[in-house]
Amino acid sequence: MRIAFLSSFYPFRGGIAQFNALLYKALEEQGHSVNAFTFTCQYPSFLFPGKTQYVTREDKAIRIESEPVLNSINPFSYETTAKKILQWKPDVVIFRYWMSFFAPAFGHVANRLRRKGIKIISIVDNALPHEPRFFDKPFARLFFNQVDGFIAMSDIVEKDLLSLKPDANYIFKPHPLYNHFGEKLPVIESREKLSIDPVKKTLLFFGLIRDYKGLDILLDAMDLLDDSYQLIIAGEPYGSFEKYQKQIDNSPAKERIKTLSRYIDDSEVPLLFSAADLLVLPYKSATQSGVIPVAYHFEIPTVATDVGGLRQTLEVPETGVIRTPDANAIVSGIEEVFQKGTDKYIANIRQEKKTLSWENFAKALTDFAQAL
């Protein structure tokens, strides 16, 4: 099968690009001819809240050769993109949809391709965003009406998708594991390299720092946990970190909080997850989490809040515990994991890892495409 993939690829950085690269490789390994098309401009710099959209010299990223064609804010590039893809003569085109900002561009390109008989599949991260705006629903419908088949990776995405397009043809396939980080490192050695206590129970907050991620809730929880706990915060703030820093400065646990408030390169991920006993996701809202598959890779259980698809992800396979998004509930979840011991959760994670492979995800996608 000839598969074109229009989304974020190297030199763009972040979880979306890494996911796409791993799926690209899995599709190639199954014998398909795959061609990656990406952005000339993904976001205008004034709209991007982080420091940079691009891989830096220090970043460890999966390099996929891709053709930069689509400028998200230049309508003239939409037609050029469609022509470039059509010249390659794919059987199916994959779009990765994670925010309504891209809907006008994706919708135009998809419409042109469908008129030539090419099947369109969209992998949907967020049918509706965590921080909604008035145009999200009409923009999403604009693109979704040009899609032949969808892949939903969580039950909340499935629900949101059907609310926008009740007749959507879709399959449900959970997020595969990120497995490109290498082996787990010795725990004590990892903690010493991070200059934290080698024996305290170690919690990890990992990923982009945005208001809906609930870092403030976790910091409140740290105020309530005893001296045997310490916390690592690792992620790039989208916006100011100042309010969290004030919270840390005023916390009785401030000496037990290690902060790395910057972009975390893939090369640093093994050190952080190897140092942790437990991942904590105190989200105020969510659809799914790309961080949980990383925790699975390193066999770290998770405490998360009952938002989006996190309950289904963790409670069904019993790889973590779910609580409401408030400090006392988070504390009870953390204490429960350590009281029961992490061995039970780790055994369940090892079972779950067998089913969440890129090979299985790629096979499900191509079987779906052939059935459309």
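Overview of the structure. (Residues numbered from 1 in each chain as written. Predicted model: local features only at pLDDT ≥ 70, side-chain atom pairs only at ≥ 80, totals over all residues. Heavy atoms only, no water.)

Observations regarding the side chain of Ser190
- Looking at the secondary structure, you find Ser190 in helix H6 (residues 187–193).
- By relative accessible area, Ser190 is classed as buried at 1%.
- A polar side-chain atom of Ser190 sits 2.8 Å from the main-chain carbonyl oxygen of Pro186.
- Sequence-distant contacts of Ser190, defined by excluding residues within four places in its chain, comprise Leu185, Leu271, Ser274 and Ala275. (Helix = DSSP H or I, 4+ residues; strand = E, 2+ residues; numbered from the N terminus. Buried < 20%, exposed > 50% of the residue type's maximum accessible area, 1.4 Å probe, protein only. Polar contact = N/O pair within 3.5 Å; in protein donor to acceptor, adjacent residues only side chain to side chain. Contact = heavy atoms within 4.5 Å.)

A word on the sheet that holds strand S11 (residues 278–281)
- One open sheet holds the 6 strands; their spatial order is S10-S9-S8-S11-S12-S13, and the pairing between them is parallel. Edge strands, defined here as strands with exactly one partner in the open sheet, are strand S10 (257–260) and strand S13 (320–323). For this sheet the average axis-to-axis angle between neighbouring strands, irrespective of direction, equals 20°.
- Examined bridge by bridge, strand S12 (residues 302–305) and S13 share 4 bridges and lie parallel to one another. Bridge pairing in S13 links Ala304 to Ile322. (Pairing = 2+ DSSP bridges. Axes fitted to C-alpha atoms, helices over the stretch in contact; angles between N-to-C directions.)

Points about the sheet that holds strand S7 (residues 170–172)
- A sheet is described by the order of its strands in space; here 7 strands give the open sequence S3-S2-S1-S4-S5-S6-S7, paired in parallel fashion. Strands at the two margins of the open sheet, each flanked by one partner only, are strand S3 (66–71) and S7. Strand-to-strand twist across the sheet, computed as the mean angle between neighbouring axes with direction ignored, equals 25°.
- Relative to strand S6 (residues 149–152), strand S5 (residues 119–124) runs parallel, the two sharing 4 bridges. Looking at S6, one finds that Ser122 is bridged to Phe150.

Considerations on helix H4 (residues 136–144)
- When we look at burial in H4, the residues that qualify are Asp136, Ala140, Phe143 and Phe144. One face of H4 carries all of its buried residues, which in axial projection span an arc of 95°.
- Close packing links the buried residues of H4 with strand S4 (92–97), helix H3 (103–114), S5, S6 and helix H5 (155–164). (Arc of directions from axis to C-beta.)

Overview of the side chain of Ser100
- Relative to the elements of secondary structure, Ser100 occurs in the loop between S4 and H3.
- Given the relative accessible area of 3%, Ser100 is considered buried.
- In this structure Ser100 touches Arg133, Phe135, Asp136 and Phe139, once residues within four positions along its chain are discounted.

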